[in-house]
Amino acid sequence: MSSRKCVALIAHDEKKADLAAFAKVHEHVLAQWRIVATGTTGGRVQEACPSLDITRLKSGPLGGDQQIGAMIATGEVEMLIFFVDPLTAMPHDVDVKALMRLATVYDIPMALNRATAEQLIDFNHP
Ligand SMILES: O=C(CO)COP(=O)(O)O
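Note that the coordinates shown come from a computational prediction; the quantities given were computed from them, not determined experimentally.

This part is about the overall build of the protein chain. Along the backbone of the protein chain there are six helices and five strands. The linear arrangement of helices and strands in the protein chain, starting from the amino end, is β-α-α-β-α-β-α-β-α-β-α. Here the protein chain has a C-alpha radius of gyration of 13 Å; the compact-globule value for 126 residues is 14 Å, and the two agree. Dimensions along the principal axes, computed over C-alpha positions, put the protein chain at roughly 35 × 30 × 25 Å. Buried residues in the protein chain amount to 35% of all 126 residues.

Encoded structure:
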């Protein structure tokens, strides 16, 4: 496994275009990180940023948020950028909450919107 630090990228459907645009702007910085993402998000970011090497996990509703939560618990994921949609009900809301809870328990930098992600990406270098 690479020794680079690992960031997890996730976006709800309404926010995927925004995350892909964010990743494009910061592609050179993200290239210094190991990147994991939930399935669909990873595909969208990969399309926008062909230079990045993204490990795609399961889609969020099928367990992807839980996989990333487990990786936070084991210390494999050290930063979380998650563009959430606060206006749409999610069938897997409990998984989303569990992920945010673990990011809080393990005290990793966590951005839930673009404004915060812009700050994190500038101040957290791998
Ligand atoms: O649902 C998600 C996060 O809760 C994201 O999953 P996808 O990237 O597979 O859409």
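So, about the UniProt feature "active site" (unreviewed entry) in the protein chain. Residues given the UniProt feature "active site" (unreviewed entry) here are Asp-65. Sequence-distant contacts of Asp-65, defined by excluding residues within four places in its chain, comprise Thr-38, Gly-60, His-92, Asp-95, Val-96 and Leu-99.

If you check the backbone angles, Asp-107 has positive phi at about 55 degrees while not being a glycine. Owing to 8 C-beta atoms within 10 Å, Asp-107 belongs among the exposed residues under this scheme.

Before going further, it helps to spend a moment on the UniProt feature "binding site: substrate" (unreviewed entry) in the protein chain. Mapped onto this numbering, the UniProt entry gives "binding site: substrate" (unreviewed entry) at His-12, Lys-16, Thr-38, Gly-39, Thr-40, Thr-41, Ser-59, Gly-60 and His-92. Tracing the sequence through the fold places Gly-39 in helix H3 (residues 39-48). Setting aside residues up to four positions removed in sequence, Gly-39 forms contacts with Arg-56, Leu-57, Lys-58, Ser-59 and Gly-64. Within the secondary structure layout, Thr-40 lies in helix H3.

Moving on: the site of the ligand. The environment of the ligand is formed by 13 residues, the closest being Thr-38, Thr-40, Thr-41, Ser-59 and Gly-60. Of all elements in the fold, only H3 and helix H4 (64-73) reach the threshold of two or more residues within the shell around the ligand. Top contributing element to the shell around the ligand by residue count: H3, with three residues. Counted by class, the shell around the ligand contains three nonpolar, nine polar and one charged residues.

Let us now look at the pairing of strand E4 (residues 79-83). Looking along a regular strand, one sees the side chains alternate between the two faces of the sheet. Burial runs high along E4: five of the five residues are buried. Of the two faces of E4, both are covered, the one formed by Met-79, Ile-81 and Phe-83 as well as the one formed by Leu-80 and Phe-82. As paired strands, strand E1 (residues 6-11) and E4 are joined by five bridges and run parallel to one another. Along E4, the bridge assignment pairs Ile-10 with Phe-82. Note: E4 against strand E5 (residues 110-111), two bridges, orientation parallel. Among the inter-strand pairings, Leu-80 is bridged to a residue of E5, identified as Met-110. For the crossover that starts at E4, traverses helix H5 (residues 93-105) and ends in the parallel E5, the hand is right-handed.

Calculation criteria
- The residue count restarts for each chain, going from 1 along the sequence in the order it is written.
- Per-residue local features are limited, in this predicted model, to residues with pLDDT of at least 70; the limit for side-chain atom pairs, both in listing and counting, is 80 or more; totals at the level of whole chains, interfaces and linings are taken over all residues.
- A helix here means a DSSP run of H or I that spans at least four residues, while a strand means a run of E at least two residues long, and both kinds are numbered starting from the N terminus.
- It is over C-alpha atoms that the radius of gyration is taken, and the globule rule equals 2.2 Å times the number of residues to the power 0.38.
- Counting other C-beta atoms within 10 Å of its own, a residue is labelled buried from 20 upward, exposed at 12 or fewer, and partly exposed in the gap between, with every C-beta atom placed from the backbone.
- UniProt positions are given in the numbering used here, feature names are shortened, and annotations may be inferred rather than shown by experiment.
- A pair of residues counts as a contact when their C-beta atoms, built from backbone coordinates, are separated by no more than 7 Å.
- Put plainly, near means the residue's C-beta atom, positioned from the backbone, lies within 6 Å of the molecule or strand in question.
- Polar here means any residue outside two lists: the nonpolar Ala, Val, Leu, Ile, Met, Phe, Trp, Tyr, Cys and Pro, and the charged Asp, Glu, Lys and Arg; Gly therefore counts as polar.
- Here, strands pair whenever DSSP counts at least two bridges between them.
- With strands facing away from the observer, any crossover in which the path from the first strand over the helix to the second runs clockwise is taken as right-handed.

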